[in-house]
Amino acid sequence: MAQAASPEKLAQEGKAAYQRGDFLNAAHTFEAARVAYQAAGDSLTAAEMANNCSVAYLKAGEGASALAAVEGTAEIFAQAGDLRRQGMALSNRAAALEALERYEEAIQGYQLSADILQQAGEDQLRAQTMQSLSMLQFNIGRQLQALATMQAGLEGVRRPTPKQSFLKRLLNIPIEMITRRRI
């Protein structure tokens, strides 16, 4: 009788499948890893595998499966006091809601995620979440709100990447134009 793969081995196989673009296989393998970690009593790593599963399902175009996979993981991280992973889980949930065109719920999820990531001191992850929120706002016709969200997301970044620095300067142009007109 063959021995079952360890949770670690399953997690590695899931990452390998994800990296080669085999997203559905990655999702299934991350789900198997989640079950194995849960059986071993490691609920935090099981929740992390559920989040990986959710991201893989999203990449595979399976929004409903992505949402089902991520449900409840933010609460597990919150109970453990892990703000970083709680914020990431909330962002993953928001992305799944967005894929399902549940836009208002997605907006609320991204905003909550950004708040928690800010509390965790995760400025880069917060900026990424705010960028996702901004893109959603833009895509549903809220362009001015999207601009303000993107700018707010970049303001909190302590060490902006060159791309973020450029975007910050670019976003200041419309604000300068508006303030010049009012003077």
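Our structure's up above, just so we're on the same page.
Only a predicted model underlies this, so the values are computations on that prediction, with no experimental measurement involved. (Residues numbered from 1 in each chain as written. Predicted model: local features only at pLDDT ≥ 70, side-chain atom pairs only at ≥ 80, totals over all residues. Heavy atoms only, no water.)

Engineer: Quick question: what am I supposed to make of the overall build of the protein here?
Structural biologist: What the protein contains, in helices and strands, is ten helices and zero strands. Put simply, the protein runs from its N terminus to its C terminus through helices and strands in the order α-α-α-α-α-α-α-α-α-α. Counting every position in the protein, which comprises 183 residues, the buried fraction comes to 37%. (Helix = DSSP H or I, 4+ residues; strand = E, 2+ residues; numbered from the N terminus. Buried < 20%, exposed > 50% of the residue type's maximum accessible area, 1.4 Å probe, protein only.)

Engineer: Where do I start with the environment of tyrosine 37 in this structure?
Structural biologist: Tracing the sequence through the fold places tyrosine 37 in helix 2 (residues 23-39). Separated by twelve residues in sequence, tyrosine 37 and methionine 49 place their C-alpha atoms 8.5 Å apart. Discounting residues that sit within four places of it in the chain, tyrosine 37 has contacts with Pro7, Glu8, Ala11, Asp42, Thr45, Ala46 and Met49. (Contact = heavy atoms within 4.5 Å.)

Engineer: How do you make sense of the packing of aromatic side chains when you look at a structure like this?
Structural biologist: The geometry of an aromatic ring pair is captured by the separation of the ring centres together with the interplanar angle, meaning the angle of the planes. With the rule as written, the count across this model stands at one aromatic pair. Ring centres of tyrosine 18 and phenylalanine 23 lie 5.1 Å apart, and the angle between their planes is 65°; this geometry places the pair in the edge-to-face category. (Phe/Tyr/Trp six-rings, centres within 6.5 Å; stacked < 30°, edge-to-face > 60°.)

Engineer: Help me understand the side chain of asparagine 92 in this model?
Structural biologist: Relative to the helices and strands, asparagine 92 is located in helix 6 (residues 83-99). A relative accessible area of 18% places asparagine 92 in the buried class. Dropping the residues within four chain positions of it, asparagine 92 is found in contact with Asn51, Ser54, Val55, Leu58 and Val70.

Engineer: So what exactly am I meant to see when it comes to the packing of helix 3 (residues 43-59) against helix 4 (residues 63-70) here?
Structural biologist: For the pair helix 3 and helix 4, the least separation of the axes is 8 Å and the interaxial angle reads 170°. By the angle between their axes, helix 3 is roughly antiparallel relative to helix 4. Each of Ala50, Asn51, Cys53, Ser54, Tyr57 and Leu58 in helix 3 lies in contact with helix 4, whose residues at this interface are Gly63, Ser65, Ala66, Ala69 and Val70. Partitioning the contact of helix 3 with helix 4 into residue classes produces seven nonpolar, four polar and no charged. (Axes fitted to C-alpha atoms, helices over the stretch in contact; angles between N-to-C directions. Parallel < 35°, antiparallel > 145°, perpendicular 65-115°, else oblique. Nonpolar A, V, L, I, M, F, W, Y, C, P; charged D, E, K, R; others polar.)

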